[in-house]
Amino acid sequence: MDAKIKKVIECVAARIELAEAERHGGDHPHTPIIQGIMADYFTGENELINILENCSEEGVYWLSEVFEEISKNLQSQIFFYYLKTLPRKFPDLNLPYEIAFAE
């Protein structure tokens, strides 16, 4: 497995754990840190699209929290157009707001 994909999976897993903790007691102080890592980790649209192509539906859901920040960092129309394909790939995900904010 590619090292970057593995790191993204680890970040998503950490975010899921924090979400569990948040259900029982409000915001977790590490949530912004994990979100920041996820947003800053991607350096190119092709790499990011490759990672999203290899993510599970749950992984895409958690990464969608930072689509807006990723979009700001990349400034890529290719990434934005790719985001518009995600609802076809994952019809059970409700991503219209995340995609709109990324635009």
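Because the structure is predicted, anything quoted here is derived from the model rather than measured. By convention here, each chain's residues receive numbers from 1 onward along its written sequence. Whole-chain, interface and lining totals are the exception, using all residues; otherwise, since this is a predicted model, local features are given only for residues with pLDDT of at least 70 and side-chain atom pairs are given and counted only at 80 or more. Each side-chain value is worked out from all heavy atoms of the structure, with water and hydrogens disregarded.

1. Concerning the layout of surface pockets
Link 1 in the chain: A pocket, in this scheme, is an open set of points on a 1 Å grid over the protein atoms alone with protein on both sides within 12 Å along at least 5 of 7 lines, while a cavity is a set where a 1.4 Å probe fits but cannot get out; residues line either one if an atom lies within 4 Å of a point. Grid points are joined across faces, edges and corners, and a volume is the space filled by probe spheres set on the points. Roughly 170 Å³ of internal volume is contained in the largest pocket.
Link 2 in the chain: As for the largest pocket, its lining consists of E68, S71, K72, Q75, S76, Q77, F80, F101, A102 and E103.
Link 3 in the chain: Note on conventions: DSSP H or I runs of at least 4 residues are helices, E runs of at least 2 residues are strands, and numbering of each starts at the N terminus. Among the secondary structure elements, those contributing two or more residues to the lining of the largest pocket are helix 5 (67-74), helix 6 (77-83) and helix 8 (96-102).
Link 4 in the chain: Counting residues per element, the lining of the largest pocket draws most heavily on helix 5, at 3 residues.
Link 5 in the chain: Residues are grouped as follows: Ala, Val, Leu, Ile, Met, Phe, Trp, Tyr, Cys and Pro are nonpolar; Asp, Glu, Lys and Arg are charged; all remaining types, including Gly, are polar. Taken together, the residues of the lining of the largest pocket sort by class into 3 nonpolar, 4 polar and 3 charged.

2. What about the environment of E57?
Link 1 in the chain: Relative to the assigned elements, E57 resides in helix 4 (residues 57-63).
Link 2 in the chain: Whether a residue is buried, partly exposed or exposed follows from its accessible area with a 1.4 Å probe, protein chains only, as a fraction of its type maximum: under 20%, in between, or over 50%, in that order. Overall, the relative accessible area of 31% leaves E57 in the partly exposed class.
Link 3 in the chain: When the C-alpha positions of E57 and N73 are compared, they lie 23 Å apart, and in sequence the two are 16 residues distant.
Link 4 in the chain: Beyond its immediate sequence surroundings of up to four residues, E57 is in contact with F90, D92 and L93. Whether two residues are in contact is decided by their heavy atoms: any pair within 4.5 Å suffices.

3. A word on the side chain of S64
Link 1 in the chain: Within the secondary structure layout, S64 lies in the loop between helix 4 and helix 5.
Link 2 in the chain: Those residues within four positions of S64 in sequence are excluded, and the remaining contacts are L95 and E98.

4. Re the packing of helix 1 (residues 3-23) against helix 3 (residues 45-53)
Link 1 in the chain: Between helix 1 and helix 3, the least distance of the axes is 10 Å, while the angle of their chain directions is 60°. In terms of orientation, helix 1 lies oblique with respect to helix 3. Viewed along their axes, helix 1 and helix 3 form a crossing whose handedness is right-handed. Taking contact as the criterion, the partners of K4, I5 and V8 in helix 1 are, on helix 3, E47, N50 and I51. Axis lines are fitted through C-alpha atoms, for helices just across the contact stretch, and the angle between N-to-C directions can take any value from 0 to 180 degrees. In these notes the angle categories are as follows: under 35 degrees is roughly parallel, over 145 is roughly antiparallel, 65 to 115 is roughly perpendicular, and the rest is oblique. Each crossing gets its handedness from the near helix: less than a right angle anticlockwise from the far helix is left-handed, clockwise is right-handed.

5. Digging into the nonpolar core
Link 1 in the chain: Residues belong to one nonpolar core when they are buried, are Ala, Val, Leu, Ile, Met, Phe, Trp, Tyr or Cys, and are joined through side-chain atoms within 4.5 Å. One finds L52, V60, L63, F67, I70, F79 and L86 to be the most contacted residues of the largest nonpolar core, which totals 32 residues.
Link 2 in the chain: Of all the elements in the fold, those that place two or more residues in this core are helix 1, helix 2 (31-40), helix 3, helix 4, helix 5, helix 6 and helix 8.
Link 3 in the chain: At 6 residues, helix 1 tops the list of elements feeding residues into this core.
Link 4 in the chain: Once residues lying within four places of it in the same chain are set aside, the contact partners of F79 are E45, L48, L52, F67, I70, S71 and L74.

6. Comments concerning the packing of aromatic side chains
Link 1 in the chain: Centre distance within 6.5 Å is the pairing criterion for rings of Phe, Tyr and Trp, where only the six-membered ring of Trp is used; planes under 30 degrees apart are then read as stacked, over 60 as edge-to-face, and the remainder as tilted. This structure, assessed with the given rule, holds 3 aromatic pairs.
Link 2 in the chain: Ring centres of Y61 and W62 lie 4.9 Å apart, and the angle between their planes is 80°; on these two criteria the pair is classed as edge-to-face.
Link 3 in the chain: The buried category is assigned to W62, whose relative accessible area is 8%.
Link 4 in the chain: Ring geometry for F67 and F79: centres 6.1 Å apart, planes at 85°, overall edge-to-face. Of the two residues, F67 is situated in helix 5 and F79 in helix 6; the sequence distance between them amounts to 12 residues.

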